[in-house]
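For reference, the chains in residue letters:
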Amino acid sequence: MHSAHVAVFAAGAIAAAAAAGAPALPLVNDVTGLDSIAVEQIVTPHSVADVVDAVRTHAGPICIGGARHSQGGQIATDGCLFLDMRAMNRVLAFDPQARRITVEAGITWRAIQETIDPRGLSLKVMQSYANFTVGGSLSVNAHGRYIGQGALVGSVVSLDIVLADGRVITASRAQNAEIFSGAIGGYGGLGVIVAATFDLVPDTAIMRVVRQLPVGTYKDYFLTQIRDDPRVVLHNADLYPPRYQELTAISWLTTDVEVNIPERLAPMHAASARDRFLLSWLSDGPFGKQIREYLYDPAQYAGRRVEWRNYEASYDAATLEPDPGAHYTHALQEYFVPIAHFDSFVVRLAQVLRAAHANVLNVSIRHALADHETILAWAPQEMFGFVIYFREGRQPHERAAAKRWTHALIDAALAEGGTFYLPYQLVATREQFLESYPAAARFFALKERVDPTCKFRNRLWERYDTVPACRGGAASP
Ligand SMILES: Cc1cc2nc3c(=O)[nH]c(=O)nc-3n(C[C@H](O)[C@H](O)[C@H](O)COP(=O)(O)OP(=O)(O)OC[C@H]3O[C@@H](n4cnc5c(N)ncnc54)[C@H](O)[C@@H]3O)c2cc1C
C-alpha cells in the first residue's frame, strides 16, 4: 500500500503474535469487545483518492469500519487491510431549501444533526442513537422508531461507491440501480461507500404520549391508533422481561404545544456513575426487573414532555451502557415478523428466553413498512421488529448458551415468516441466513460480477457467502 495521502497506524493493542515472534498485527474490535480481529494494517483515508489508492494497490482482502457498533466481525476479517472511514466526515453540500444534504460516509448522524438543526431540518430515518456513521448505517440499511417509514433506504437519494477495480460510481434508483439496491444493506460487500445524499424533513416539536398495555392488546392498539395517525412521528413499545405480559407504548406526536425541553440536541455523554449503577441494579439486582416495570418506568414516563424531534433523535449510545463488567457485556439482537404474526411470535419469544434464563434487560418493539428496494431486505413485507437488549457473560459456556437461544429465536422468527437482523453476533447457520434472505443468491451473483476475487470481505461474508473466493483465505490478487 503506497500513498502519501493515507495515514497508517497500528492503533490499540498489538496481537499476541508478537510474543510468539511473529510480526505484531494491529487489532480491531467492535463496541462489545467480544470480537478482536488481527488485521494486516489500519488505514485512515481522508479523501476518495485515498480510498481508490488503497483499493487499487492492495492485493489482499479489504475490510471497512465505521463507528464499529455492529457486533460480530462485520467490520473485519483476519489479515485484511482495514479502512477506518471515520476521518471522511465532511458535509459536502447542504441545500436547506431543497431539504437535501450530501456527506462523506464516515460522518456520524450527530455531526449531520449539528449542521441541519440550525436550519430547522431533521433526518428522515435513522437509528435510535446518533453515534453511527452514514456508511455503517447504509450498509445495514438501518431503521429507527419512525412511523410511516421503512428502512433507511427510503431517505437515500444516491451514494458514491468505490468498486473493487478502483472505479468510483454514483448509484441511485436511476443510475447503477442494482449497486444501489445491493450496497444498501450490503455490509461492505460491494465496495466502499464514500458519500451519500439524503432527503431531509422539517424539525418539529413532538409530545410524548405513553400507554401501559397487556401485550395481547398491543397489535390492535397499534393498528387502530398509531399506524395511520399522521401526527405520530416516533413510536416504540417496551415489553417487560421476564414475564413478557405487559408493555409500555411510547409515541411522539407533532404538536403546537411549546417545548419544555429547550435544548435542541441531547447532550453527548456516557451514563453517569449513578445512572449506570441504577441501570445495572434494575437489570440484575433483586426484584430489579419488577421494580423497573411497576415503579421506575411509570415514574419516568409521568408528566408532559415536549421536545424537538432532533433532541429525541440525537441520543448518545454510551448512555445505554450499564455498569460495565469484566465478566459480561451488553449486546443486541433483532427479529422481524409480519404484522399478523405479532401475538404468536411473542409467545415463542417468551418461551425461548424464559427457558434459557436469558438475562434480557428490554425488548423494544418497532414497526417498519415493507422494503421493496434493497436486495437483502430484512422487511420484505410490513413488519414488527423485536430488539432484544441483553447481558452476555464473556465465559465460553455463557457465550455458547447465548448462541443456543439465539438459534432458537431465529428458528422462531423463521417459523412465523420473519427474518433476523444481520448487524449482531454471527451465530445463524448458512441455512438460517439463506431462508431469512432468499434474495441472497442475487446479491452473491452481483458481488461476484463486481468483486470477482472477493476483495471486500469480513466475517459476515465469509460465513454466509456461497462464492468460494469469499470463504476465507487470502483473495486472489
Ligand atoms: C447501542 C446500539 C443501538 C443500535 N440501535 C439501532 C437501531 O435503532 N436501529 C438499527 O437499525 N440498528 C441499530 N443498531 C445497529 C447499528 O445500526 C449497526 O451496527 C450500524 O452498522 C452501526 O453503524 P456503524 O457506523 O457503527 O457501522 P460499523 O459497525 O462500523 O459497520 C457496519 C457494516 O457496514 C460496513 N461499512 C461501514 N462503513 C462502510 C462504508 N463507508 N462503505 C461500505 N461499507 C461500510 C462495515 O464493513 C460493516 O459490515 C444499534 C447498535 C448498537 C450497538
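On a predicted model such as this, the values are computed, not experimentally measured, just so you know. (Residues numbered from 1 in each chain as written. Predicted model: local features only at pLDDT ≥ 70, side-chain atom pairs only at ≥ 80, totals over all residues. Heavy atoms only, no water.)

The subject of this paragraph is the state of the cysteines. For the coordinates displayed, the defined rule picks out two disulfides. Residue Cys63 pairs covalently with Cys80 via a disulfide, S to S 1.9 Å. Taking the sign of the S-S torsion, 50 degrees for the link of Cys63 and Cys80, the bridge is right-handed. Here the residue Cys63 occupies a position in strand β5 (residues 62-65), and Cys80 occupies one in the loop between β5 and β6 (81-84), the gap between them amounting to 17 residues. Taken as a pair, Cys63 and Cys80 share a single burial class, namely buried. Put simply, Cys454 and Cys470 are joined by a disulfide, and their sulfur atoms are 1.9 Å apart. Disulfide Cys454 to Cys470: torsion about the S-S bond roughly 105 degrees, handedness right-handed. With Cys454 in the loop between α12 (440-450) and α13 (459-464) and Cys470 in the segment after α13, this pair connects stretches of sequence that are 16 residues apart. Its relative accessible area of 1% is what places Cys454 among the buried residues. (Disulfide = S-S within 2.5 Å. Helix = DSSP H or I, 4+ residues; strand = E, 2+ residues; numbered from the N terminus. Buried < 20%, exposed > 50% of the residue type's maximum accessible area, 1.4 Å probe, protein only.)

Attention shifts here to the sheet that holds strand β16 (residues 306-308). Strands sit in the order β16-β13-β15-β14-β18-β19-β17-β20 across an open sheet of eight strands; the sheet is antiparallel. The open sheet has two edge strands, β16 and β20 (419-420), and neither has a second partner. As paired elements, strand β14 (residues 232-239) and strand β18 (residues 360-368) share three bridges and run antiparallel to each other. Counterpart to Asp238 in the pairing with β18 is Ser364. Lying over the sheet, helix α5 (residues 218-226) contacts β13 (205-214), β14, β15 (246-254), β18 and β19 (383-393), oriented at roughly 175 degrees with respect to β14. (Pairing = 2+ DSSP bridges. Contact = heavy atoms within 4.5 Å. Axes fitted to C-alpha atoms, helices over the stretch in contact; angles between N-to-C directions.)

This brings us to α12. Within α12 the residues assigned to the buried category are Ala440, Phe443, Phe444, Leu446, Lys447 and Val450. Take α12 and look down its axis: the buried residues cluster within an arc of 160 degrees, on one side only. Residues Ala441 and Arg449 are exposed on α12 and point more than 90 degrees away from its buried face. On its buried face, α12 is in contact with α4 (177-183), α11 (430-436) and α13. (Arc of directions from axis to C-beta.)

Moving on, we get to the packing of aromatic side chains. Two numbers describe a pair of aromatic rings. These are the distance of the centres and the angle of the planes. For the structure on display, the rule yields 24 aromatic pairs. Consider the rings of Phe222 and Phe384, whose centres lie 5.2 Å apart with planes at 70 degrees: the pair is edge-to-face. Of this pair, Phe222 sits in helix α5 while Phe384 is found in strand β19, placing the two residues 162 residues apart along the sequence. Accessibility classification places Phe222 together with Phe384 in one group, the buried group. For the pair Phe390 and Trp405, a centre-to-centre distance of 4.9 Å together with 75 degrees between the ring planes defines the contact as edge-to-face. (Phe/Tyr/Trp six-rings, centres within 6.5 Å; stacked < 30°, edge-to-face > 60°.)

Turning next to the pairing of strand β7 (residues 91-95). Two elements, β7 and strand β8 (residues 100-104), share four bridges in a ladder whose sense is antiparallel. Residue pairing for β8: Val91 is matched across the bridge by Val103. From the end of β7 to the start of β8, which pair antiparallel, there are four residues, and Arg99 there has a positive phi angle of about 55 degrees.

Attention shifts here to the site of the ligand. By nearness alone, 36 residues border the ligand, and Ile64, Gly66, Ser70, Thr133 and His143 come closest of all. In this structure, an oxygen atom belonging to the ligand sits 3.1 Å away from a main-chain N or O atom of Gly136. Between the ligand and Ile193, the relevant distance is 2.9 Å, taken from a nitrogen atom to a main-chain nitrogen or oxygen of the residue. By residue number, the principal contributor to the shell around the ligand is helix α3 (residues 134-140), which donates five residues. Residue composition of the shell around the ligand, by class: 17 nonpolar, 17 polar and two charged. (Near = heavy atom within 4 Å. Polar contact = N/O pair within 3.5 Å; in protein donor to acceptor, adjacent residues only side chain to side chain. Nonpolar A, V, L, I, M, F, W, Y, C, P; charged D, E, K, R; others polar.)

Core analysis: the largest hydrophobic core is formed by 108 residues, its most contacted members being Trp109, Phe198 and Tyr218. Residues in contact with Phe198, not counting those within four places in the same chain, are Arg99, Arg100, Ile101, Val103, Trp109, Val134, Leu138, Leu152, Ser155, Val156 and Val157. Membership of the second largest hydrophobic core comes to 15 residues, among which are Val51, Ala54, Val55 and Leu83. (Core = buried A, V, L, I, M, F, W, Y, C linked by side-chain atoms within 4.5 Å.)

Per-residue confidence for the chain gives a mean pLDDT of 91; residues scoring 70 or more make up 93%. In this model residues 1-17 is a low-confidence stretch, pLDDT under 50, and it forms 41 contacts with partners more than four residues away in sequence or in other chains. Per-residue pLDDT stays below 50 along residues 473-477; that stretch engages in ten contacts with residues further than four places along the chain or on separate chains. (pLDDT = per-residue confidence, 0-100.)

One pass over the full model with this rule turns up 24 salt bridges. In this structure, the salt-bridge partner of Asp84 is Arg86, at a minimum N-O distance of 2.9 Å. A relative accessible area of 37% places Arg86 in the partly exposed class. The partner of Glu373 in a salt bridge is Arg173, and the shortest N-O contact between them spans 2.6 Å. Of this pair, Glu373 sits in the loop between β18 and β19 while Arg173 sits in the loop between β11 (168-172) and α4, placing them 200 residues apart in sequence. For Arg173, a relative accessible area of 39% puts it in the partly exposed group. Salt bridges sharing partners connect three or more residues here, namely Arg68, Asp84 and Arg86. (Salt bridge = Lys/Arg side-chain N within 4 Å of Asp/Glu carboxyl O.)

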